[in-house]
Amino acid sequence: MEDLGVVEWPPAPVRTERLVLRESEARDRAAFVELLASPEVHTYLGGPRPRAELERELPEVPERWPGSFVVDLDGAMIGQILLRRATGHRRPAAAGKADLGYLFLPRAWGSGYAAEACTAALGWFDSELPGEPVVLTTQSANIASMRLAAKLGFTEVERFEAWGAEQWLGMRSSNTTVTSS
């Protein structure tokens, strides 16, 4: 994966009704450790990383690269949105396109934060790189992620087997609007 190229980084914080999408800061390190070590978060992502390893290896300001947004609720990190170029994607339909990823702490699940944050990130992306499609890959068994992908306007391109499970690849054109529910 590579960054988004011509996009200036970091952008001004992206604000929604409840959230702020911003660049990571040193105060986010503990939340990144929690996020990356969480068995619940990584159920469909190959499993968590060992907490001790993360404590040793994460830099003071983790995940500080173009396309990585911290999702902030009331001054605390609750998740991460990733937008990056899928140059080495396994599927030809996704290669070279922007790829959306998201991770949220379990305590933030079920409140609509992921939909709100992803909608804001995609709006930012559409304003920076108009006309570019975005892809998203998730395990088809991840029902919550599949619902979010549909809500965000992603439509199925294909299903394929990888990492011992069926994967779903969806694509969203920049003129897609998010459905309410």
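Refer to the preceding data block for the structure.
Residues numbered from 1 in each chain as written. Predicted model: local features only at pLDDT ≥ 70, side-chain atom pairs only at ≥ 80, totals over all residues. Heavy atoms only, no water.

1. Looking at helix α1 (residues 29–37)
Part 1 of the reasoning: In terms of burial, α1 is largely enclosed, as seven of its nine residues are buried.
Part 2 of the reasoning: Those residues of α1 that sit buried are R29, A31, F32, V33, L35, L36 and A37. (Buried < 20%, exposed > 50% of the residue type's maximum accessible area, 1.4 Å probe, protein only. Helix = DSSP H or I, 4+ residues; strand = E, 2+ residues; numbered from the N terminus.)

2. Considerations on the sheet that holds strand β6 (residues 134–139)
Part 1 of the reasoning: The eight strands lie next to each other as β1-β2-β3-β4-β5-β6-β8-β7, forming an open sheet whose pairing is mixed. Whereas interior strands pair on both sides, the edge strands pair on one side only; in this sheet they are β1 (14–15) and β7 (155–162).
Part 2 of the reasoning: Relative to strand β4 (residues 76–85), strand β3 (residues 68–73) runs antiparallel, the two being bridged by six bridges. Note on β4: the bridge partner recorded for L73 is A76.
Part 3 of the reasoning: Across the sheet, helix α4 (residues 143–151) touches β5 (98–104), β6, β7 and β8 (165–172), and the angle it forms with β6 is around 160°. (Pairing = 2+ DSSP bridges. Contact = heavy atoms within 4.5 Å. Axes fitted to C-alpha atoms, helices over the stretch in contact; angles between N-to-C directions.)

3. A closer look at the pattern of salt bridges
When charged atoms on two side chains of opposite charge get close, those side chains can pair.
Part 1 of the reasoning: For the structure on display, the rule yields 15 salt bridges.
Part 2 of the reasoning: We note a salt bridge from E158 to R91, for which the minimum N-O separation is 2.8 Å. You can see E158 sitting in strand β7 and its partner R91 sitting in the loop between β4 and β5, a full 67 residues away along the chain.
Part 3 of the reasoning: What makes E158 buried here is its relative accessible area of 18%.
Part 4 of the reasoning: With a shortest N-O distance of 2.8 Å, R172 and D126 are connected by a salt bridge. One end of the pair, R172, is in strand β8; the other, D126, is in helix α3 (residues 113–128), and 46 residues separate them in sequence. Across the pair, D126 and R172 agree in class, each one buried.
Part 5 of the reasoning: Salt bridges here are not isolated pairs; linked through shared partners, they connect R22, E25, R27, D28 and D72. (Salt bridge = Lys/Arg side-chain N within 4 Å of Asp/Glu carboxyl O.)

4. Brief notes about unusual backbone geometry
Part 1 of the reasoning: Along the chain, W9 connects to P10 via a cis peptide bond; the corresponding omega equals 0°.
Part 2 of the reasoning: Relative to the helices and strands, P10 resides in the segment before β1.
Part 3 of the reasoning: One non-glycine residue, D74, lies in the positive phi region at around 55°.
Part 4 of the reasoning: Secondary-structure assignment places D74 in the loop between β3 and β4.

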